[in-house]
There are 2 protein chains.
Amino acid sequence: MTVEMAHDRHTETIPVMRPQLPAADQLEAYLRRIDATRYYSNHGPLLRELERRLALHFHVQPAQLAVVANGTVALSAALLAVGAPAGTRCLLPSWTFVGSAAAVWAANLTPYFVDVSPQTWMLDPLELERRTDLDGVGAVMVVSAFGAPVDTAAWDAFTERTAIPVIIDCAASFDTVTSVASARPGKSPIMISLHATKVIGTGEGGLVLSTDERVMNRFHRICNFGVWDSPEGQILGYNGKLSEYHAAVGLAALDGWERRRESLAALTRRYATALAQRGVTTLPHYANGWVSCYCNVAVDDAAGTILRLEKAGIATRRWWQSGVHRQRAYRPFGRDDLPVTDDLGSHVFGLPFFHDMTDAQFERVMRSFDEARSGLRAAML
Amino acid sequence: MTVEMAHDRHTETIPVMRPQLPAADQLEAYLRRIDATRYYSNHGPLLRELERRLALHFHVQPAQLAVVANGTVALSAALLAVGAPAGTRCLLPSWTFVGSAAAVWAANLTPYFVDVSPQTWMLDPLELERRTDLDGVGAVMVVSAFGAPVDTAAWDAFTERTAIPVIIDCAASFDTVTSVASARPGKSPIMISLHATKVIGTGEGGLVLSTDERVMNRFHRICNFGVWDSPEGQILGYNGKLSEYHAAVGLAALDGWERRRESLAALTRRYATALAQRGVTTLPHYANGWVSCYCNVAVDDAAGTILRLEKAGIATRRWWQSGVHRQRAYRPFGRDDLPVTDDLGSHVFGLPFFHDMTDAQFERVMRSFDEARSGLRAAML
């Protein structure tokens, strides 16, 4: 009996991610405020407070920020807000989560996949500007690779020179946009996910930042069915409303953000050091003063490594699979040749990463990672 | 001081609607289960339990029901699930909430507005079938008028004869589809809103019912970005995920449904009797064994009546305004002549309706309504 339990404990799988949002006790005071007002959605008082607090957090004006139902609808609404005309082409990387492409389609735009830079795993603004087929492009969706800093000024400059609006899918960049100066919000709207899996979350949710208050004003309306002031649909829109319940979770999560960030930063440094010692490739600019909810590595035999880790009870995830262009729903859409994306898709996967990972868990991950790699080398001889 | 207070109490505005979802105490046990599992969204255990309990409630198989993020995304996803081809025309009534048309657009379909029957305030399946322009119509969206029963078998027959798929926006019909035999779910997917303003709610939320399990299977996938089983986008999709927090609210709301329904039924009967005594036109089939969250009337001088009620501190709402076709965002889309919709838009508005309306409030509404009408008659002489 005791032996069995010890065995079970030893082989317990370490998950790749283990979200934790505020507990019921931390929500209670906020929930009682909902009871008192009987206001449950439709831009209620808790959501307005969450937006005010987040504006302070991001050092922006309240009119430069909006919190909505989820990151996907936020991306679609941002595409409408910047004026991407229905029926036009939207350039985006294939190296992203499928939701980015889904958001393009739901905005009545046609996704067209372009390759990312091997230096950043992201679109390159200068390279994109050199394209000779920008006529008929209604918008560009830039995607931050797993929270990595996007050079927002460079993309604002791209829009100024090409007149093509840009939106930036920074789903995992809640911390990056405050911690890295070059990633601060510019005119091109930035979407940050507040999904439970991110560093801070509301359950489902997303926020958008832009210094262009005219665009943000449109964005607000679009997320309320295009209805504002008068109860009529003034512009096309979505139901992007965040409920007061999710706002309550977000407020409680903000209460605990500083402590959460410390845990994530410690784990990030620990991974970065251990992987650098071993000469393992990580996401470019990883552990450069910002935290996210991932630790992605690129290794030669990713499939073999993943399999051996799985046998050792270490869960991993190929977060972005082989790119969106290889997924059945998106194969019919146009694209360039995508050698960098294909390369990343073959080699990149995420190691377990969560704020309350124990020392023992971290050591078991690295030990299993080492064993998997030496096992693969031995098998090759 | 006492006089002032009495005056304040007398002139306190009676709202047109006053939502009330379960209080924090009723949520607590469910929230603690979320804490225990650390599962927050992505079709979690509370959502699965809510779906099981709702399937029992609606007397359908679990595979015939899905609960998602909101009614609007549910409508878009249902249009995709029934196979409405992108770029085709979707016929729908203009006599609806703007969200219906927004959902059509987000499914990459072109809204085309047709008129409703004066007998039902809804589309008529036989009349629609007689149209000579059904080629190029990819789908029909039927809309229940404020919770009124839709003849689901007649619409299934429409689809069988025309091969045009139908979805039914029954946003306010949570009770109707169980209480009225002819409104029971058929093959054509039915959407019921779980927004806070409805008779039962999750905050934001919506559910879809269909006896076509192949369609429901597609619907489930579409609401998860088109991703299922393998982590790849197999079909186009949306983020339609409902969080565990909203599922918790839904479960607690179901716990209290029977009592809530009794209050709503009593108020419905009371309004129906009072309005029938006065010869006032209400929604066709109102108070016919089902409850909703509205009491809509049609009167000659609606604008004048609304104004006088407002002065008496009675809030009203022209829930569907003058129809969607008159709203700026939807004026560019095609439509028939819409005389019935125009007529309803000029005459219909909602009186205050909420489950905990007091006798004194109800009597004040009816007294003010009588005074408004007699005042208008006197002014006309």
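Residues numbered from 1 in each chain as written. Chains lettered and ligands numbered in written order. Predicted model: local features only at pLDDT ≥ 70, side-chain atom pairs only at ≥ 80, totals over all residues. Heavy atoms only, no water.

## Remarks on the overall build of chain A
Argument step 1. Scanning chain A from terminus to terminus reveals 14 helices and twelve strands.
Argument step 2. Taking 2.2 N^0.38 as the reference for a compact globule, 381 residues should give roughly 21 Å; the C-alpha atoms of chain A span a radius of gyration of 21 Å, in line with that estimate.
Argument step 3. Each principal axis of the C-alpha atoms in chain A carries an extent, and together these give about 70 × 60 × 35 Å.
Argument step 4. Once local pairs closer than 6 in sequence are excluded, the contacts in chain A between residues at least 24 apart make up 70%.
Argument step 5. A total accessible area of about 15000 Å² is found for chain A, and carbon and sulfur atoms account for 51% of it.
Argument step 6. Both charge centroids of chain A, one from 37 positive and one from 40 negative side chains, sit 2 Å from each other. (Helix = DSSP H or I, 4+ residues; strand = E, 2+ residues; numbered from the N terminus. Rg over C-alpha atoms; globule rule 2.2 N^0.38 Å. Contact = heavy atoms within 4.5 Å. Areas by Shrake-Rupley, 256 points an atom, 1.4 Å probe, with all protein chains shown as cover. Lys, Arg positive; Asp, Glu negative; His and termini not counted. Charge placed at Lys NZ, Arg CZ, Asp CG, Glu CD.)

## Looking at the pairing of strand S5 (residues 166–169) of chain A
The two faces of the sheet receive side chains in turn, since in a regular strand these alternate between them.
Residue and element names in this part refer to chain A.
Argument step 1. Neither face of S5 is open: one carries Val166 and Ile168, the other Ile167 and Asp169, and all of them are buried.
Argument step 2. The pairing of strand S4 (residues 137–143) with S5 spans four bridges and is parallel. The residue of S5 that forms the bridge with Met141 is Ile167.
Argument step 3. In the sheet, S5 pairs with strand S6 (residues 190–193) via two bridges, with the strands oriented parallel. (Buried < 20%, exposed > 50% of the residue type's maximum accessible area, 1.4 Å probe, protein only. Pairing = 2+ DSSP bridges.)

## As for the relation of the copies chain A and chain B
Argument step 1. Between chain A and chain B, the superposition needs a rotation of 180° and an axial shift of 0.0 Å, giving an RMSD of 0.0 Å. As the rotation angle and translation indicate, the two copies are arranged about a two-fold axis. (Least-squares fit on C-alpha atoms with pLDDT ≥ 70 in both.)

## Examining empty space enclosed by the protein
Argument step 1. If you walk through the whole model with that rule in mind, you get nine cavities of 30 Å³ or more.
Argument step 2. One number sums up the size of the largest cavity: a volume of about 220 Å³.
Argument step 3. A:Val73, A:Tyr238, A:Asn239, B:Val73 and B:Tyr238 are, among the 22 residues lining the largest cavity, the residues nearest its centre.
Argument step 4. For the lining of the largest cavity, the secondary-structure elements that each account for two or more residues are helix H4 (71–81) and helix H5 (98–106) of chain A together with helix H4 (71–81) and helix H5 (98–106) of chain B.
Argument step 5. Within the lining of the largest cavity, the residues separate by chemical class into twelve nonpolar, ten polar and no charged.
Argument step 6. The volume enclosed by the second largest cavity comes to roughly 110 Å³.
Argument step 7. Lining the second largest cavity are 14 residues; nearest its centre among them are B:Thr197, B:Lys198, B:Arg260, B:Phe354 and B:His355.
Argument step 8. Within the lining of the second largest cavity, the residues separate by chemical class into eight nonpolar, three polar and three charged.
Argument step 9. When residues are assigned to domains, the lining of the second largest cavity turns out to be shared by domain 1 (3–12 + 257–380) and domain 2 (24–255) of chain B, each giving three or more. (1 Å grid on protein atoms, 1.4 Å probe; cavity = no way out; pocket = protein on both sides within 12 Å on 5 of 7 lines; lining within 4 Å. Points joined across faces, edges and corners; volume = space filled by probe spheres on them. Nonpolar A, V, L, I, M, F, W, Y, C, P; charged D, E, K, R; others polar. Domains from an automatic or database assignment.)

## Quick word on helix H2 (residues 24–37) of chain B
Argument step 1. Over its 14 residues, H2(B) runs 20 Å from end to end, which matches the ideal 20 Å to within 8%, given 1.5 Å per residue.
Argument step 2. Taking the largest bend as the criterion, H2(B) deviates by roughly 30°, centred on B:Tyr30.
Argument step 3. Considering only its buried residues, H2(B) is in contact with helix H2 (24–37) and helix H10 (244–255) of chain A together with helix H3 (45–58) and helix H10 (244–255) of chain B.
Argument step 4. Once H2(B) ends, the next one or two residues include B:Arg38, with phi positive near 50°. (Expected span 1.5 Å × (residues − 1). Bend = angle between axes of the 7 residues up to and from the residue.)

## Some details on the pattern of salt bridges
Argument step 1. As enumerated under the stated definition, the model contains 32 salt bridges over all chains in all.
Argument step 2. One salt bridge in this structure joins A:Arg261 and A:Asp175, with 2.7 Å as the shortest N-O distance. In this pair, A:Arg261 sits in helix H11 (residues 257–277) while A:Asp175 sits in the loop between S5 and helix H8 (176–179), placing the two residues 86 residues apart along the sequence.
Argument step 3. Between B:Asp255 and B:Arg53 there is a salt bridge; the shortest N-O distance is 2.9 Å. Residue B:Asp255 is located in helix H10, and its partner B:Arg53 is located in helix H3; the two are separated by 202 residues in the primary sequence. (Salt bridge = Lys/Arg side-chain N within 4 Å of Asp/Glu carboxyl O.)

## Re the packing of helix H12 (residues 302–311) of chain B against helix H14 (residues 359–380) of chain B
Residues and elements named next belong to chain B.
Argument step 1. Remark: H12 packs on H14, axes separated minimally by 9 Å, with the N-to-C direction vectors making an angle of 130°. On the basis of their axis angle, the class for H12 and H14 is oblique. Considering only the axes of H12 and H14, their crossing is right-handed. Within the contact between the two elements, H12 uses Gly304, Thr305, Arg308 and Leu309 and H14 uses Val365, Ser368, Phe369, Ala372, Arg373, Gly375, Leu376 and Ala379.
Argument step 2. Looking at the contact of H12 with H14 residue by residue, the class counts come to six nonpolar, four polar and two charged. (Axes fitted to C-alpha atoms, helices over the stretch in contact; angles between N-to-C directions. Parallel < 35°, antiparallel > 145°, perpendicular 65-115°, else oblique. Left-handed = near helix turned anticlockwise from the far one by under 90°.)

## Notes on the confidence of the model for chain A
Residue and element names in this part refer to chain A.
Argument step 1. Confidence in the prediction for chain A averages 96 pLDDT; 97% of positions are at 70 or higher.
Argument step 2. Per-residue pLDDT stays below 50 along residues 1–9; that stretch engages in zero contacts with residues further than four places along the chain or on separate chains.
Argument step 3. For this predicted complex, the interface confidence comes out at an ipTM of 0.95, alongside a pTM of 0.96. (pLDDT = per-residue confidence, 0-100.)

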